[in-house]
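Coordinate inspection notes
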Amino acid sequence: MIHDKMVNLLKYIPEGKKEKIKEFLKILSPDMDEKKYEIDNTDIYAKIMSYSTRQKADCAIEAHNKYCDIQFTLAGEERISIYPRENMKLISEDETNDFYIFEEETAQQQVQVDNKAGYFTLIHSGEAHQPQESPDGKCSRVKKGVIKIKESLFHE
């Protein structure tokens, strides 16, 4: 897991993909449409969405095998808890959409970060994460994006 300012994001992107991510970052705005954005075919894409944050107990612990997440906030704030996947019990899997849900009782939290506007959290496939958490116990709207990058690109 990496947590840093958006202005530093390109430092963590695989060398051959930096230019395409840089072009996408130029259009980021709290006013952008909520939809999927193609960045580099199926290797890299982004989703922009908004929702209300929740209490921690109401947030699912998820992970991905094929893609890493770069979660960033455009407006508002959310907390993301990170967990090592080993020894966690898988309770739901959707291999087609690369989406796996884990049981909270088997999770041992590693770290929490508060994603505020201007920050990102990069989460690799070996890490489970619990987004959508309210950082202060008061549920509020957040608009965010997730850049999905094939995990294999980080190992070339």
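The following paragraphs examine the structure supplied in this document. (Residues numbered from 1 in each chain as written. Predicted model: local features only at pLDDT ≥ 70, side-chain atom pairs only at ≥ 80, totals over all residues. Heavy atoms only, no water.)

The next thing to look at is the sheet that holds strand β5 (residues 67-75). Paired through backbone hydrogen bonds, the strands of a sheet run either parallel or antiparallel to each other. Sheet architecture is open: 6 strands sit in the order β1-β10-β5-β12-β3-β2, paired in antiparallel fashion. Both edges of this open sheet fall to β1 (2-5) and β2 (36-40), since each of them pairs with a single strand only. Strand-to-strand, the axes of this sheet are offset by a mean angle of 20°, without reference to chain direction. Sitting on the sheet, helix α1 (residues 18-25) touches β2, β3 (44-52), β5 and β12 (141-150), and the angle it makes with β2 is about 150°. (Pairing = 2+ DSSP bridges. Helix = DSSP H or I, 4+ residues; strand = E, 2+ residues; numbered from the N terminus. Axes fitted to C-alpha atoms, helices over the stretch in contact; angles between N-to-C directions. Contact = heavy atoms within 4.5 Å.)

Now for the pattern of salt bridges. Under the counting rule described, the total for this entry stands at 11 salt bridges. The shortest N-O distance in the salt bridge between K150 and D43 comes to 3.7 Å. Separated by 107 residues along the polypeptide, K150 in strand β12 and D43 in the loop between β2 and β3 bring together distant segments of the chain. The residue D69 makes a salt bridge to K148 at a minimum N-O spacing of 2.6 Å. Of the two residues, D69 is situated in strand β5 and K148 in strand β12; the sequence distance between them amounts to 79 residues. Exposure class is identical for D69 and K148. Each is buried. (Salt bridge = Lys/Arg side-chain N within 4 Å of Asp/Glu carboxyl O. Buried < 20%, exposed > 50% of the residue type's maximum accessible area, 1.4 Å probe, protein only.)

Next up on the list: the layout of surface pockets. Taken as a whole, the largest pocket encloses approximately 440 Å³ of empty space. Taken together, 25 residues line the largest pocket, and the ones lying closest to its centre are K47, E62, H64, F99 and K148. Elements supplying a minimum of two residues to the lining of the largest pocket: β2, β3, β5, β11 (127-133) and β12. Per-element accounting of the lining of the largest pocket gives the leading share, 4 residues, to β3. Looking at the lining of the largest pocket, its residues break down into 9 nonpolar, 7 polar and 9 charged. (1 Å grid on protein atoms, 1.4 Å probe; cavity = no way out; pocket = protein on both sides within 12 Å on 5 of 7 lines; lining within 4 Å. Points joined across faces, edges and corners; volume = space filled by probe spheres on them. Nonpolar A, V, L, I, M, F, W, Y, C, P; charged D, E, K, R; others polar.)

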